[in-house]
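Here are the chains, one letter per residue:
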Amino acid sequence: MSTATKTSLFARMTDSELFYRYINSPTTVIATIIGLAMVLAAVLAPWIAPQDPFNMAELDLWNSLLPPAWHEGGDMRFLLGTDDQGRDLLSALLYGTRTSLMVGGISVLIAVVVGIAVGLIAGYVGGAFDAIAMRIVDIQMTFPAIMVALLIDGVSRSVLPRDQHDSLAIFVIIFALSLSIWPQVARTVRASTMVQAKREYVLAAQVIGIPPLTIMFRHVLPNVLGPVLVIATINVGLAVLGEATLSFLGVGIPASQPSLGTLIRMGNGFLFSGEQWLVIFPGITLALLVLSVNLTGDWLRDVLDPKLR
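Residues numbered from 1 in each chain as written. Predicted model: local features only at pLDDT ≥ 70, side-chain atom pairs only at ≥ 80, totals over all residues. Heavy atoms only, no water.

The name given to the chain in an unreviewed UniProt entry is Dipeptide transport system permease protein DppC, and the organism recorded there is Devosia equisanguinis. In UniProt, the chain has this text filed under Subcellular location (unreviewed entry): "Cell membrane". Under the UniProt heading Sequence similarities (unreviewed entry), the note attached to the chain is "Belongs to the binding-protein-dependent transport system permease family." (UniProt positions renumbered as here; feature names shortened; annotations may be inferred.)

Below is the structure:
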């Protein structure tokens, strides 16, 4: 790509209505900056974390339960303090955010792929597949997401060998969260596909003999991705919150793979013994992450939904 082409593309982006509305929404800009900074810090955790919280050789019990560096008795080596194992809390937060984002992101990605496939076929083909798929969606949406996740976790614990529970816990929770998200995507894609299927460009493609799968994925899909993008963005925050909830209840990510929910659950045990930083900092991190993602998703919904303009 030439320099002139790059300049032209950048000029078109900055002159677009979407960019104008984004720049004129300070809340969204701040939320995006915070969210991207947290994602970047989580991705770079192995290189920027002061300590590897998984390496037991780096832990020293003499450094356990140290307060934050600015408190009396704090140590500048441990900016946010340490836990009962001498683990640096800042390092644990970086790795914990990485785990939570990975679980939330993969869960939403799987749910979006399944939801788009089911919604496209149901909305375009209709018939028996549409009726059966939508009844499954209706049934599943009557159950709260946390109940579905708890059910999947309980079934997996009864089926899988006990010595594999911890090693497979992250895959079980990803499957559980994906199972609770995909019906919303499928329903939205189906409704948008039914509208697009009656448009002239689809009828013209049918007349000239283009195969149905090609029409669905090449012509219809790009026109239904707007609502899906909004749903995916918002559900990333909800998936991270769901993972934290399950981990706090003790049925999510094990302590050997700390996530934000696991750190909050572990810190909760020290809440009334004077070591409040063990639960305050993970709680603030979770709140900032979910809030930044949800605010960005709300802005996308307002911009991409013509009914809200």
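Right, let's talk about the overall build of the chain for a bit. Scanning the chain from terminus to terminus reveals 13 helices and zero strands. Put simply, the chain has 309 residues, and 43% of those count as buried. Partitioning the contacts of the chain with sequence separation of at least 6, the portion at a separation of at least 24 is 68%. Counting only carbon and sulfur atoms, one obtains 68% of the accessible surface of the chain, whose full area is about 16,600 Å². With 18 positive and 21 negative side-chain charges, the chain shows a spacing of 15 Å between the two charge centroids. (Helix = DSSP H or I, 4+ residues; strand = E, 2+ residues; numbered from the N terminus. Buried < 20%, exposed > 50% of the residue type's maximum accessible area, 1.4 Å probe, protein only. Contact = heavy atoms within 4.5 Å. Areas by Shrake-Rupley, 256 points an atom, 1.4 Å probe, with all protein chains shown as cover. Lys, Arg positive; Asp, Glu negative; His and termini not counted. Charge placed at Lys NZ, Arg CZ, Asp CG, Glu CD.)

A few words on the UniProt feature "transmembrane region" (unreviewed entry) in the chain. In the UniProt entry, the feature "transmembrane region" (unreviewed entry) is given for residues 29-49, 101-125, 137-156, 168-189, 227-256 and 277-297. Within residues 137-156, the helical portion is 85% and the strand portion 0%, while the C-alpha atoms at the span's ends are 22 Å from each other. What you have in residues 227-256 is 73% helix and 0% strand, and the ends, taken at the C-alpha atoms, are 37 Å apart.

Turning to the nonpolar core, a few remarks are in order. Core analysis: the largest hydrophobic core is formed by 28 residues, its most contacted members being Val112, Ile116, Leu120, Val185 and Val189. Of all the secondary structure elements, the ones that give two or more residues to this core are helix 5 (89-125), helix 6 (127-141), helix 8 (165-196), helix 9 (200-207), helix 10 (212-220) and helix 11 (225-248). Tallying contributions element by element places helix 5 first for this core, with eight residues. For Leu120, the residues in contact, after removing those within four places along its chain, are Val125, Val189, Thr193, Met216, Phe217, Val220 and Leu221. Core analysis: the next-biggest nonpolar cluster, separate from the first, contains 19 residues, Leu89, Ala92, Leu286 and Leu289 among them. (Core = buried A, V, L, I, M, F, W, Y, C linked by side-chain atoms within 4.5 Å.)

What follows concerns the environment of Thr99. When you line up the elements, Thr99 lands in helix 5. For Thr99, a relative accessible area of 11% puts it in the buried group. Linking Thr99 and Gln257, residues 158 residues apart in sequence, is a C-alpha distance of 7.7 Å. Residue contacts for Thr99: discarding those within four places in its chain leaves Ile170, Ile253, Gln257, Pro258 and Ser259.

Between helix 5 and helix 13 (residues 277-304), the least distance of the axes is 11 Å, while the angle of their chain directions is 35°. Read as a crossing pair, helix 5 and helix 13 show a hand that is right-handed. Every residue of helix 13 that contacts helix 5 at Leu89, Leu93, Thr97 and Leu101 is listed here: Trp277, Leu278, Phe281, Pro282, Thr285 and Leu289. The residue makeup of the contact of helix 5 with helix 13, split by class, is eight nonpolar, two polar and no charged. (Axes fitted to C-alpha atoms, helices over the stretch in contact; angles between N-to-C directions. Left-handed = near helix turned anticlockwise from the far one by under 90°. Nonpolar A, V, L, I, M, F, W, Y, C, P; charged D, E, K, R; others polar.)

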